[in-house]
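Single-letter residue listing:
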Amino acid sequence: ELGRPLFLMYGTLLGYYRQGDFIPGDDDFDCGYVSDETDPIAVKEETKRLIIELIRGGFTISFNRKGRLFRIQLEREATDGFHLDVRPLWFQDGRVWLHNHCSFEATREDFLPAVEGELRGERVLVPRDTEKFLRNHYGPNWKVPDPGFQYYLSEIDPAILENLSRALITVREYKELAERVRREVGEQPPAGRLVSVGSQDLYPLDQFLA
């Protein structure tokens, strides 16, 4: 309905493409979509508009203390523990930009139209050139399982990190968005909720523990 094909990304895509299943021990489900915007501020504003519509449709939307948009859960009270980590990506200056810290030379055609596949009997979409994404994100040895793999931010161009950080939502922006949700959507079912871990007191912790 929102015109954004949602395709597998990051570790979920890596497991799907490399072994046709989830990577053992992977604890999240990563997916993403291509933004129509071409700079991080505009991407953030577009994402806010999408979030409003998702909440209106009954989804609970949340994000972490860094302000990275966004996590989506189906249940209004978000008690089942299942969620998707959704990441917008955009094209700017001949490069694709992806949180948390990835940017490389690419075009929209490297990702769209997304290609249909199957994961555990369910229809999924993947980027058009999956290998290009995985090679640039995980390095030349992406095909070889490495349980100790990790990123080192110190090795990433600070200019890339700075540009990506501009797409993070601030606490002030969250409060403005929450007010917009209240004003435009309301709080009655089937409307979902907007939740920011970064704007809440983490104590008591019970409400955040599965």
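Quick note: structure is the one above.
One structure accompanies this document, and this report is about it. Here the structure is a predicted model, which means the values were calculated and not measured. (Residues numbered from 1 in each chain as written. Predicted model: local features only at pLDDT ≥ 70, side-chain atom pairs only at ≥ 80, totals over all residues. Heavy atoms only, no water.)

**Focus: the overall build of the chain**
Secondary structure summary: the chain contains five helices and ten strands in total. Against the compact-globule benchmark of 17 Å for 210 residues, the chain has a radius of gyration of 17 Å, which places it among compact chains. Seen through its principal axes, the chain has C-alpha atoms that stretch 50 × 40 × 35 Å. The 210 residues of the chain split such that 42% are buried. Restricting to contacts in the chain with at least 6 residues of sequence separation, those with at least 24 account for 60%. With the model as given, the accessible surface of the chain reaches about 11900 Å², and the carbon-plus-sulfur share is 50%. If the 27 positive side-chain charges of the chain are averaged to one point and the 36 negative ones to another, these points end up 3 Å apart. (Helix = DSSP H or I, 4+ residues; strand = E, 2+ residues; numbered from the N terminus. Rg over C-alpha atoms; globule rule 2.2 N^0.38 Å. Buried < 20%, exposed > 50% of the residue type's maximum accessible area, 1.4 Å probe, protein only. Contact = heavy atoms within 4.5 Å. Areas by Shrake-Rupley, 256 points an atom, 1.4 Å probe, with all protein chains shown as cover. Lys, Arg positive; Asp, Glu negative; His and termini not counted. Charge placed at Lys NZ, Arg CZ, Asp CG, Glu CD.)

**Observations concerning helix α2 (residues 40–56)**
Over its 17 residues, α2 runs 24 Å from end to end, which matches the ideal 24 Å to within 8%, given 1.5 Å per residue. For α2, a buried count of twelve out of 17 residues is recorded, marking the element as mostly surrounded by other parts of the structure. Listed as buried for α2 are Pro 40, Ala 42, Val 43, Lys 44, Glu 46, Thr 47, Lys 48, Leu 50, Ile 51, Ile 52, Leu 54 and Ile 55. Two or three places before Ile 41, at the start of α2, stands the capping residue Asp 39, its side-chain oxygen 3.1 Å from that residue's backbone nitrogen. (Expected span 1.5 Å × (residues − 1). Polar contact = N/O pair within 3.5 Å; in protein donor to acceptor, adjacent residues only side chain to side chain.)

**Brief notes about the side chain of Asp 30**
Within the secondary structure, Asp 30 sits in strand β2 (residues 30–34). No salt bridge is formed by the buried Asp 30; its nearest oppositely charged neighbour, Arg 87, is found at 5.4 Å. What Asp 30 contacts, discounting residues up to four positions off in sequence, is Phe 7, Leu 8, Met 9, Tyr 10, Gly 11, Thr 12 and Asp 85. (Salt bridge = Lys/Arg side-chain N within 4 Å of Asp/Glu carboxyl O.)

**A look at the nonpolar core**
One finds Phe 7, Leu 89, Val 96, Leu 98, Phe 104, Phe 111 and Phe 133 to be the most contacted residues of the largest nonpolar core, which totals 25 residues. Among the secondary structure elements, those contributing two or more residues to this core are β1 (7–8), α1 (10–19), β5 (84–92), β6 (95–98), β7 (102–105), β9 (122–126) and α3 (130–138). Here this core gets four residues from one element, more than from any other, and that element is α1. Listed in part, the 20 residues of the second largest apolar core include Leu 50, Ile 61, Leu 69 and Ile 72. (Core = buried A, V, L, I, M, F, W, Y, C linked by side-chain atoms within 4.5 Å.)

**A short note on unusual backbone geometry**
Omega for the bond connecting Leu 69 with Phe 70 falls within 30 degrees of zero, at -5°, which places this linkage in the cis form. Position of Phe 70 relative to the elements: it lies in the loop between β3 (60–63) and β4 (71–73). The omega torsion of the bond from Leu 112 to Pro 113 falls at 0°, within 30 degrees of zero and hence cis. Positive phi, close to 50°, is recorded for Tyr 10, a residue that is not glycine. Note on placement: Tyr 10 falls in helix α1.

**Some thoughts on the packing of aromatic side chains**
For the structure shown, the criterion picks out seven aromatic pairs. Ring pairing ties together the aromatic residues Phe 7, Tyr 10, Phe 91, Phe 111 and Phe 133, which thus form one cluster. (Phe/Tyr/Trp six-rings, centres within 6.5 Å; stacked < 30°, edge-to-face > 60°.)

**Details of the pairing of β3**
Here β3 shows no split at all, with Thr 60 and Ser 62 on one side and Ile 61 and Phe 63 on the other all buried. Bridge count between β3 and β4: three bridges; the pairing is antiparallel. Counted as the bridge partner of Thr 60 is Gln 73 from β4. Where β3 lies against strand β10 (residues 194–196), three bridges are found, and the strand directions are parallel. The residue bridging Ser 62 from the neighbouring strand is Val 195, located in β10. (Pairing = 2+ DSSP bridges.)

**Remarks on α1**
Among the ten residues of α1, seven are classified as buried, and the element is accordingly described as predominantly covered. All of the buried residues in α1 are Tyr 10, Gly 11, Thr 12, Leu 13, Leu 14, Gly 15 and Tyr 16. Directly beyond the C-terminal end of α1, a positive phi value near 70° is found at Gly 20.

**Notes on the packing of α2 against helix α5 (residues 171–184)**
Where α2 meets α5, the axes come as close as 11 Å, and the angle between the chain directions of the two elements is 40°. Accordingly, the angle class assigned to the pair α2 and α5 is oblique. The two elements α2 and α5 meet at a crossing, and its hand is right-handed. Seen from α2, the contacting residues are Lys 44, Lys 48, Arg 49, Ile 51, Ile 52, Ile 55 and Arg 56; seen from α5, they are Glu 173, Leu 177, Arg 180, Val 181 and Glu 184. (Axes fitted to C-alpha atoms, helices over the stretch in contact; angles between N-to-C directions. Parallel < 35°, antiparallel > 145°, perpendicular 65-115°, else oblique. Left-handed = near helix turned anticlockwise from the far one by under 90°.)

Limitation: the analysis is restricted to geometry and does not speak to function.
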